[in-house]
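# Descriptive structure summary
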Amino acid sequence: MKIYLKEEFASLVSIFENKSTYLKTDYINRSYFKSLKPENIKRIGMISLNNISFSEYKKIKSMNKNLAFELEGKIAGLLAYAGKVSLHESGDFLRICPRKANEEFDIIFKILNIKTKEILVKYNKKNQ
């Protein structure tokens, strides 16, 4: 199953510092997905949920209007040439946000059921 983000907020935010950066699956709600396998994602404009059953697919498809996406992180600044808000520390910045020394820029991305307030799947990128 592929979920495309209709509002395209992904085009306004820079999450990945380079091509080898990704978000790791941190949590899968087993009441929604019994067979979903953890999978890394490289972009948030389109999310793939692989290895789900047909009944799980129908359940998620039927709650289409109740799906929400939440992106959490600290803003490092505004990228000069892309015009995107950056949630990582690398790149050419037009403007850098104030930060503390050794501040971590962890990122959390969630797929939620807004009707029940449940998290379906949670991804993260922890800076080491």
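Residues numbered from 1 in each chain as written. Predicted model: local features only at pLDDT ≥ 70, side-chain atom pairs only at ≥ 80, totals over all residues. Heavy atoms only, no water.

### Description of the pattern of salt bridges
For the coordinates displayed, the defined rule picks out two salt bridges. For Lys-122, the salt bridge identified is with Asp-26, shortest N-O distance 3.3 Å. Residue Lys-122 is located in strand β10 (residues 118-125), and its partner Asp-26 is located in strand β3 (residues 24-28); the two are separated by 96 residues in the primary sequence. Judged by relative accessible area, Asp-26 falls into the partly exposed class, the value being 41%. (Salt bridge = Lys/Arg side-chain N within 4 Å of Asp/Glu carboxyl O. Helix = DSSP H or I, 4+ residues; strand = E, 2+ residues; numbered from the N terminus. Buried < 20%, exposed > 50% of the residue type's maximum accessible area, 1.4 Å probe, protein only.)

### Overview of the sheet that holds strand β7 (residues 85-86)
The strands that make up a sheet are held in pairs by hydrogen bonds between backbone atoms, and each pair lies either parallel or antiparallel. Sheet architecture is open: four strands sit in the order β2-β7-β6-β8, paired in mixed fashion. A single partner strand is all that each edge strand has here, and the edge strands are β2 (13-14) and β8 (93-96). Two elements, strand β6 (residues 77-79) and β8, share three bridges in a ladder whose sense is antiparallel. Looking at the pairing, Leu-78 lines up with Arg-95 of β8. (Pairing = 2+ DSSP bridges.)

### Things to note about the environment of Ile-3
Within the secondary structure, Ile-3 is located in strand β1 (residues 2-4). C-alpha separation for the pair Ile-3 and Asp-106, spaced 103 residues apart in sequence, amounts to 23 Å. In contact with Ile-3, other than residues within four places in its own chain, are Gly-45, Met-46, Ile-47, Leu-49, Leu-67, Phe-69 and Ile-111. (Contact = heavy atoms within 4.5 Å.)

### Points about the nonpolar core
Leu-23, Phe-33, Leu-49, Phe-109, Ile-111, Leu-120 and Tyr-123 are the most contacted members of the largest nonpolar core, which has 25 residues in total. Breaking this core down by element, the ones donating at least two residues are β9 (107-113) and β10. (Core = buried A, V, L, I, M, F, W, Y, C linked by side-chain atoms within 4.5 Å.)

### Some remarks on the sheet that holds strand β5 (residues 67-72)
Spatially, four strands are ordered β3-β10-β9-β5 in an open sheet, and the strand pairing comes out antiparallel. Edge positions in the open sheet fall to β3 and β5, since each of these has one partner strand only. With strand direction ignored, the average angle separating the axes of adjacent strands in the sheet is 20°. Sheet topology places β9 next to β10; seven bridges connect them, and they run antiparallel. Within β10, the residue paired with Ile-107 across the bridge is Lys-125. (Axes fitted to C-alpha atoms, helices over the stretch in contact; angles between N-to-C directions.)

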